[in-house]
Every structure is written in C-alpha cells, then in structure tokens.
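Notes for the structure review
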Amino acid sequence: MPQTVLMSDRPSASRAGDLLLLSVAAGAFWTLSYQFVLILRWPAKTIIWCFLLIAIAGFLLLGRLWKKTNATPGRGYRFHLSQVLLVALGLLCAITVLFVRRPNQDDVVYFHRALSQLSALDHPIFLRQTSVDMDAAAFSPVHLATSFEMLMAFLGHYLGIDPLYFYQIVGHAVAVFAIPFVLYWCARRFGLDRWPAAIGALLGVGFLRGDNPGPGVVGTVWRSWTCGMAASYLWQGKVIVWILALPLALALSYRFLSQGNRSDLVWLTLLGIASVGVSNPALYLIPAVIGCSWAAFFTTELFEQKKSEDLEKQIRRGLFLIIPLVYPIGILVLLMINIIPKPVDISRYGPTYMPWVESMKFFVGGPAEYVRNIVLMIAVPLVVIRRKTGLFLFCYICAVWLSCLNPLLGPWWMRHIMALCHHRLNYLVPLPLLCAMLPAAGPRFLGRAPGGPLGDRLLLASALLAVIISFLYSYRALSITPISGQAGWKSPLEYQLVKENTDFARAAGKYIEHNKLLAPTWTAGCELALLFPEMKVAAPRFVTHYFTNAGNPEEGILRQQAQAFVEGDRSENSKRLQLLEAKFRQVIESGRANAIAVPESESQRVLATLKSINPGWHRVLEAGGLVLILPGNGERD
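Here's a quick rundown of the structure. The shown structure was predicted, so the numbers you read here are calculated from the model rather than taken from an experiment.

1. Describing the overall build of the protein chain
- Helix and strand counts for the protein chain stand at 28 helices and five strands.
- Taking 2.2 N^0.38 as the reference for a compact globule, 637 residues should give roughly 26 Å; the C-alpha atoms of the protein chain span a radius of gyration of 26 Å, in line with that estimate.
- Projected onto its principal axes, the C-alpha positions of the protein chain cover 90 × 55 × 45 Å.
- The 637 residues of the protein chain split such that 57% are buried.
- Taking as baseline every contact in the protein chain between residues at least 6 positions apart, the subset at least 24 positions apart corresponds to 75%.
- Surface exposure of the protein chain reaches about 26200 Å², of which carbon and sulfur atoms provide 66%.

2. Thoughts on the packing of helix α7 (residues 163-189) against helix α11 (residues 237-259)
- Across the interface, α7 lies against α11 with an axial gap of 10 Å and an inter-helix angle of 20°. By the angle between their directions, the pair α7 and α11 is classed as roughly parallel. For the crossing formed where α7 meets α11, the hand is left-handed. Contacts between α7 and α11 pair A175, A178, I179, V182, W185, C186 and R189 from the former with I240, I243, L244, P247, L248, A251, L252, Y254 and R255 from the latter.

3. Some points on helix α3 (residues 82-97)
- Compared with an ideal rise of 1.5 Å per residue, which puts 16 residues at 22 Å, α3 spans 23 Å between its outermost C-alpha atoms and is within 8% of the ideal.
- Among the residues of α3, those classed as buried are S82, Q83, L86, L89, G90, C93, A94 and V97. For α3, the angular spread of the buried residues around the axis is 130°, confining them to a single face.
- On its buried face, α3 is in contact with α7 and α8 (194-210).

4. Observations regarding the pattern of salt bridges
- What the rule picks out here adds up to 21 salt bridges.
- The partner of K388 in a salt bridge is E301, and the shortest N-O contact between them spans 3.0 Å. Of the two residues, K388 is situated in helix α18 (residues 387-405) and E301 in helix α13 (residues 282-303); the sequence distance between them amounts to 87 residues. For the pair formed by K388 and E301, the shared burial category is buried.
- Taking the shortest distance from any N to any O, the salt bridge between E602 and R605 comes out at 2.8 Å.
- Residue classification places E602 among the buried positions, given a relative accessible area of 10%.
- Residue R605 is classed as partly exposed on the basis of its relative accessible area of 24%.
- Each of D133, K516, E555, R559 and R592 takes part in one network of salt bridges that share partners.

Cut-offs applied
- Residues numbered from 1 in each chain as written.
- Predicted model: local features only at pLDDT ≥ 70, side-chain atom pairs only at ≥ 80, totals over all residues.
- Heavy atoms only, no water.
- Helix = DSSP H or I, 4+ residues; strand = E, 2+ residues; numbered from the N terminus.
- Rg over C-alpha atoms; globule rule 2.2 N^0.38 Å.
- Buried < 20%, exposed > 50% of the residue type's maximum accessible area, 1.4 Å probe, protein only.
- Contact = heavy atoms within 4.5 Å.
- Areas by Shrake-Rupley, 256 points an atom, 1.4 Å probe, with all protein chains shown as cover.
- Axes fitted to C-alpha atoms, helices over the stretch in contact; angles between N-to-C directions.
- Parallel < 35°, antiparallel > 145°, perpendicular 65-115°, else oblique.
- Left-handed = near helix turned anticlockwise from the far one by under 90°.
- Expected span 1.5 Å × (residues − 1).
- Arc of directions from axis to C-beta.
- Salt bridge = Lys/Arg side-chain N within 4 Å of Asp/Glu carboxyl O.

So, in structure tokens, the structure goes:
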C-alpha cells in the first residue's frame, strides 16, 4: 500500500481554494471606485455605481484570463471533512470576539469621516476634518485614500444596521472568522495536505490567542502590538493588513515564483490595491513581502545549484513582480515628490526616532517572547518543513531581517515611516503561518514518510519539544482576556467603546447630539463623536494637528488649552491653571463650545468659572464619571 505524503515542495495546483481570493478582487474594485470618485469630486453615492461597473468589467476580464490559464477559482472543488473544522473554528473565533472589549482611540480618526458622509451622500467625499465646527485638515492625505471605512459605513447604512456597530462588531466578527481559512489556504499553497492544513489553522489561531506579553510589558511600553494582541482589533484596517493580507501576499508570491501562472500575478496586483484601500501601511508592507519573497526564492534556487537557464528564467519571472508594486510604490512616490501634499506638521504622527531595542520590544514583548520567536523562525523552516519550501521560508525570514528589522537599517525605516510605526515591519515575519506549518512534521515523526531515519525523527522531536517549551515559557495570558478596567468583557450588542462613555452618551445624548461639546480627550475626543456624528467637538484628539495643517495653529493650541482646563490636573500650579482658565473663558465666550462634560472631581471648579461668565450655566446630569454642564434654563439634576 503506498505511503501518504502530507507535505510537498510544490505549491498546491488546486484552484478550489482560490474562491477566498474573490473577496480580494471585490476589495480592489471597491478601492478603485472610491478613489476614482474621490479624485473626480463626484457625489459620494456614485461610488456604488462605479463599483458595479468596474466589478462587472473586472470579473469578465478575469474570467477570460482564468479560462486561458486554467486557473478558475473553485475549479475542481470537492467537500472535505476538514472544512467542517475550519467552519467550527471560524465560528468559535467570531463568537468569542463578540464578548471582548478592546476600545481604541484611533477609531475616531478612521471612521468619523465615513459616518459624517452618510448624511451627505449627495456631496463629494469629505476632505476636511468632520468633527469640528471650523475648517481643519484631515489627519493625513493617505488616510483620505483608504476606502475600507467608507465600505463599512455604506454596508451598514444600506443593510439597515447601525454603521458603527457594523464596523466595530459585524466587520470584526467576519474578519476573525476568516483567519482559519486564510491560514489553511496559505498552508495548502506551501504544500500541506487538507487535514494537516486544517490542524495547522487551529495551531495558528492558538498562537494568536496565546500571544500576549502580559500586563507588565503592556504597562511599560504603553500597548504591545504583538500578533495576538493585534488580532483583538481586527475590525481596523491596519490589523486586517497585518494578520490577513501579508500571509496571502507571501503565499501568492511563492506560488507565482514556483509556477509562473499569470493569474497569480493578477491576484497579487489586486491584493496590493485592496490592501492599500484597507490601510496605508500596505503601501510599504506589501512591496516588502513581494520583494523579500523574490530574494528568498532566488536564493533557494542558488542553493539548489540550478542551471544558468533556470536562474535567468527566475530573474525574468521576478521582473514581472514589478507589476504588483506599481500601485503602492506609485502612491509613495507621489507622496515623496509632494504631488499628494504632505501635512505641514507631522509631529502628532509620532517621534522621528526611538531606540531600536524599544521598537522591537514594542512588538515582541520580553525575553521569553524573543526566545519563542527565534525558535519558531529557525526550527519550523529548517527542521520541521525542510526541503525547498522550508528553505524558502527561512530565506524569506532572513531577507526580512536583513532589509527591514536589523538595527543598522532601523533608523532609515524610522525616518521614512515614523519611528513609532517601525514595529509594524515585524508583521512581515509570518509567525502564525509558521505555527500553521507545524503539522508538516506529522508523517516524518510517525515514520510514515519515505526516507525518515531514526536520527531524523530524533532531531524533529527535539525541534518540536523546543517549540512546545518556548510556548510554555512565553505564555502569560490569552490575548482575549481583560487587559485593563476599560478593556474587559462586554455583551455582543455593545460597541467597542469604553462603557463609562456609552453610559454618559445614553444619559446625555438628547442634550449634546447637536451641540458643540468641550470634554476630556478620552470621551468626546475619541468616542462620543462616533456615537453622535452630527455633534461638533470643540477639542478632538489631535486638535493641534488638524488646525496646524489647516494653517491655523493658534486655534488648535487655544482649544487644547481649554480642554486641559476641563480635564484638570492636581499637579498643576495655580499660575498654570490661571493661564488655562483664560483660554477656557475665550473658548466659551466666543461660542466655540456650548456644552461642557467634565470629570466629577473637577466639576465644582469648572462650574464656578462658567458661572462667572454666565450665571445660567448649571449641572444637568452625572453619568459615567462625567458631569454635563449646560447654559440657560434647561433641566437640572
């Protein structure tokens, strides 16, 4: 009876799993439609009609290509029992995240413009800051070009679901549901059979759930962005790129370089367009994956001592990979030469330099996580997978470290993508995918693979034992467990917002939804504006950034100082408070704010100042640790 080989050096020739890539094509067509309407300044609602036209034309052209290349997605599909495991695993992940609360202050930067656009679909896509009552710049031109948030808002709007809920909860569940399928598809492309790939998807998900550096590390570096911690924020575009798009780019690059099928080149191009539409880190991450993949594959060919004709073929094939790079690199070039205008002030984007060790710790965590990652990066490709596939993955990891993650080139990357974003380059190392490849050890370890001597099995057992020990040594807590009092558990019906803020919004909504509210940054500046898109925020998060880039820096400073007076600080000396009070008075007397939300501990001080301006100011209610203060003769608490 022939032995079953569960691992192959050749990427899977089956195209049944390419059904997964149809969503990538749809995302690319949406991005092109959105950016077309953005540039031509057409009404926002015309994005839908542009999308339909581009999608119909695009899929017709793709159909002709698939017919010529014999690469039709879904061709030869047959149900396999392993797919039940994938569906069950996806559902378990999706249901779990419905109960996890992970508020993120970046949501107001990403999503408020899309929410505001829903009340102005007959107008062109907004280019300015939508949360303030005066002219202010958007966070960045590149954020304006991302289409993912507008897609989420439109889907929620036209499906009759609260757009914010659709973005933070429904979109989150769908993205998390996709993780096992992406890992399975990538493992299949790297040669695993169905059951090993499905079990590998389980191990990859297990890695994401166990990759938590613990509260000690999180507390020392503000918030650790390990793979597992990032996966808890999978409704945000940048995390979708990190967790889902980069493994797809790696697997597609490998399949194209191995087989040379033109359809894979088209998939890579569409993936680059869709990823840029999801989040701007794809502008440099997708090219990095493709470039490092070609370097790794060519190096592998050299190790195998291929003939010069074969090497020339690989060079020509590698040159074709320039095509998927045209779109993201083209945007980067337009930014560099200022055709896409750069912001005047980028100080709010983050520091221009940070120590390399601190940047790495920001992603990896502590020494235990370093050990675990090193074991994975060496043991899995060189001992568990081996052969051409393992050598390719090891060379790819080496290429990433040599070109992106080493301390010599680290400062160069920091200057060009901001120091605080340097840690994102760590996502180029496919740690969850390496875990998904562990079942490749099965046939050799059990003695069912041909040519598996005792010494080889002992080496393999040692590698697997090292992986297991490193995981046990590095494990601190599940990535879904509460990390703070504000990021704990919730019901599936709640938003990804701080509960105290939603409590205040529920109580104060009728008073503030159409007013201009001055409140602490962590309420109005980050979350209340998402609940009340028509409300104007006197001092939103990054207020100085918005007004500086609009040519009015004094306005941003004034509003920030007024907000500082509201927030209060017991360490402030009396002279500093007097200066802030003068700025606060200016904001109130000029009408920049006509509603105040103040921490309960500061309410008497702020109310006394307000009454000295106008005796009509009074407390209205208290909820979520905040006191709402309004002028006039409204309802009193």
